[in-house]
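# Remarks on the overall topology
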Amino acid sequence: MAKLYRLLTEEDTAAFCHKVSDALAKGWELYGSPAYAYEAANGIMRCAQAVTKDVPADYSPDMKLGQQ
């Protein structure tokens, strides 16, 4: 059994909410609070949310986390 970790990031648009909602629908769980920061290079606000998931496999750096 392995606990996987992902940090989801996206510009502050509905796309971020859809990305997090998709992860939750696939069994990922929220980990901690979301973060919100200004990206000066592009002049946009960005959001971040960590998620975790237990999977019945040994961890490998070759895992495609988004497909778990």
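The name that an unreviewed UniProt entry assigns to the protein chain is DUF1737 domain-containing protein, with the source organism given as Ruegeria pomeroyi.

### Concerning the sheet that holds strand 3 (residues 44-55)
Pairing is antiparallel in the open sheet, where 3 strands are placed in the order 1-3-2. The open sheet has two free edges, formed respectively by strand 1 (2-11) and strand 2 (29-39), since each of these has just one partner strand. Geometrically, the sheet is characterised by an average inter-axis angle of 20 degrees between neighbouring strands, direction not taken into account. One ladder, built from 8 bridges, connects strand 2 with strand 3; its direction is antiparallel. When the sheet's bridge partners are listed, alanine 35 is paired in strand 3 with alanine 48. On top of the sheet, helix 1 (residues 14-25) reaches strand 1, strand 2 and strand 3; it is set at about 165 degrees to strand 1, its chief contact.

### What about the UniProt feature "domain: DUF1737" (unreviewed entry) in the protein chain?
Taken from the UniProt record, the annotation "domain: DUF1737" (unreviewed entry) applies to residues 3-54. Helix and strand shares over residues 3-54 are 23% and 60% respectively, and the end C-alpha atoms of the span are 4 Å apart.

Thresholds, definitions, all that
Residues numbered from 1 in each chain as written. Predicted model: local features only at pLDDT ≥ 70, side-chain atom pairs only at ≥ 80, totals over all residues. Heavy atoms only, no water. Pairing = 2+ DSSP bridges. Helix = DSSP H or I, 4+ residues; strand = E, 2+ residues; numbered from the N terminus. Axes fitted to C-alpha atoms, helices over the stretch in contact; angles between N-to-C directions. Contact = heavy atoms within 4.5 Å. UniProt positions renumbered as here; feature names shortened; annotations may be inferred.

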